[in-house]
Amino acid sequence: MNASTGKVNLLGLTQPQMESFFEQIGEKRFRAGQVMKWVHHFGVDDFDAMSNIGKALREKLKANAEIRGPEVVSEDISADGTRKWVVRVASGSCVETVYIPQAGRGTLCVSSQAGCALDCSFCSTGKQGFNSNLTAAEVIGQVWIANRSFGTVPAKIDRAITNVVMMGMGEPLLNFDNVVSAMHIMMDDLGYGISKRKVTLSTSGVVPMIEELGKVIDVSLALSLHAPNDELRNELVPINRKYPLAMLLEACQRYISGLGEKRVLTIEYTLLKGVNDHPEHAEQMIELLASIPCKINLIPFNPFPHSGYERPSNNAIRRFQDMLHKAGHNVTVRTTRGDDIDAACGQLVGQVADRTRRSERYIAVRQLPVDGAPAAASQS
Ligand code: SAH
Ligand code: SF4
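Attention now goes to the overall build of the chain. Along the backbone of the chain there are 11 helices and 16 strands. Long-range contacts, defined here as pairs at least 24 residues apart, represent 67% of the contacts in the chain between residues at least 6 apart. Here the chain displays about 15100 Å² of accessible surface, and carbon together with sulfur accounts for 50% of that area.

Moving on to the environment of Leu225. Mapping Leu225 onto the fold places it in the loop between β11 (220-224) and α8 (230-236). Judged by relative accessible area, Leu225 falls into the buried class, the value being 0%. Each C-alpha atom, one on Leu225 and one on Thr266, is 9.7 Å from the other, the two residues being 41 residues apart in sequence. Not counting the four nearest positions on each side in its chain, Leu225 is found in contact with Arg233, Val237, Leu245, Ile267, Glu268, Tyr269, Met285 and Leu288.

By nearness alone, every residue bordering ligand 2 is listed as Cys116, Leu118, Asp119, Cys120, Cys123, Gly126, Gly170, Glu171 and Ser204. Here the shell around ligand 2 is built from residues that sort into 4 nonpolar, 3 polar and 2 charged.

With that out of the way, let us pick up the sheet that holds strand β3 (residues 71-77). In spatial order, the strands read β3-β4-β5-β6-β9-β10-β11-β12-β13-β14; together these 10 strands make up an open sheet with mixed pairing. This sheet does not close on itself; its edge strands, each paired only once, are β3 and β14 (330-333). Between one strand axis and the next, the sheet turns by 20° as a mean value, whatever way the strands run. Both strand β10 (residues 199-203) and β11 contribute to a ladder of 4 bridges, which runs parallel. When the sheet's bridge partners are listed, Thr203 is paired in β11 with Leu223. Of the strands in this sheet, β9 (163-166) and β10 are in contact with helix α6 (residues 176-187), which crosses β10 at around 160°. Contacting β11 and β12 (265-271), helix α9 (residues 245-257) runs over the sheet at an angle of about 165° to β11.

What counts and how
- Residues numbered from 1 in each chain as written.
- Chains lettered and ligands numbered in written order.
- Predicted model: local features only at pLDDT ≥ 70, side-chain atom pairs only at ≥ 80, totals over all residues.
- Heavy atoms only, no water.
- Helix = DSSP H or I, 4+ residues; strand = E, 2+ residues; numbered from the N terminus.
- Contact = heavy atoms within 4.5 Å.
- Areas by Shrake-Rupley, 256 points an atom, 1.4 Å probe, with all protein chains shown as cover.
- Buried < 20%, exposed > 50% of the residue type's maximum accessible area, 1.4 Å probe, protein only.
- Near = heavy atom within 4 Å.
- Nonpolar A, V, L, I, M, F, W, Y, C, P; charged D, E, K, R; others polar.
- Pairing = 2+ DSSP bridges.
- Axes fitted to C-alpha atoms, helices over the stretch in contact; angles between N-to-C directions.

Below you can see the structure in the form of structure tokens.
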């Protein structure tokens, strides 16, 4: 419910929620499917464009509901086809969404929170502190906005978005209900019809919520590992102090084995020069992951001002990759896209207007995983 208009935002409703909405306003449940198609397949936000819905019901909908995506502050398209949107959410903060086209697929990187409370030492979102949780409409609204950019509303839009990764700003498992609702809409045929293997949630390791996730949805999981032992991980990813590696990997393993068919965990590992890129770290990682079906995505650190970290040399990155590869792992190194629109990892900028942890106006240089082989993207 929008507090200022008193209207329900239909954009963020899952199919069962949409059916309940129609029941509540005294209408038939089948209307849910009609409206969802208009909203998500055709990109419509105007009830009058819904030609298979009679005038009386359209008027009733206008009185009770709205279709409202987050406000688009900017949209940029790179020479390589990468697109970046900065959108403003209800709290007044801005978050980013990036679309990365690749041969035969298109991956959308979506934000779940403005800021993040978890404060990983090399992440600029963490440096902002937590600002707000996005609503379900704001999470799916990023997909809606991106999708609309590939069509002419209200014509049916071709499916340019084949994969979604919850790897934008924020920790998705700390905005659980809204992210789960949005992911249901991503996978619903009345929504975006994206296969469950191609919707990936990335987490820094909120163990109890990994367990919860497995109970309510079937999506691919990516774990932001970044360190192969507790001592180092405590320093880089502070939530590790609460949920250490053994507990975390067990929860991840349980999650993927609970999915039924053969699935793998994606391991994200940001390489930080002189910190977690030594051969001994690769060796520890090989041991740690020995019994876990996984593929590894190495992310060379993307620097931002005052981070205190550096990106390793290409040689060091290759050496690390080779060691994992020789141990039998599927290892990719994330490449940078969209340089000319600052859409590369570590170059995304979100303005956070009202912040909880710092009073001065702050321009956040945001790291988004613009990926040569995004977690979900290589799962076909
Ligand atoms: N909060 C979730 C998802 C968002 S971050 C998580 O942590 O998994 C997406 C990925 O980008 C994470 O693996 C994160 O650790 C990584 N990342 C953050 N800052 C980075 C930087 N400066 N350079 C490279 N990768 C970074
Ligand atoms: Fe939050 Fe993820 Fe950044 Fe850690 S890496 S601070 S969990 S957004």
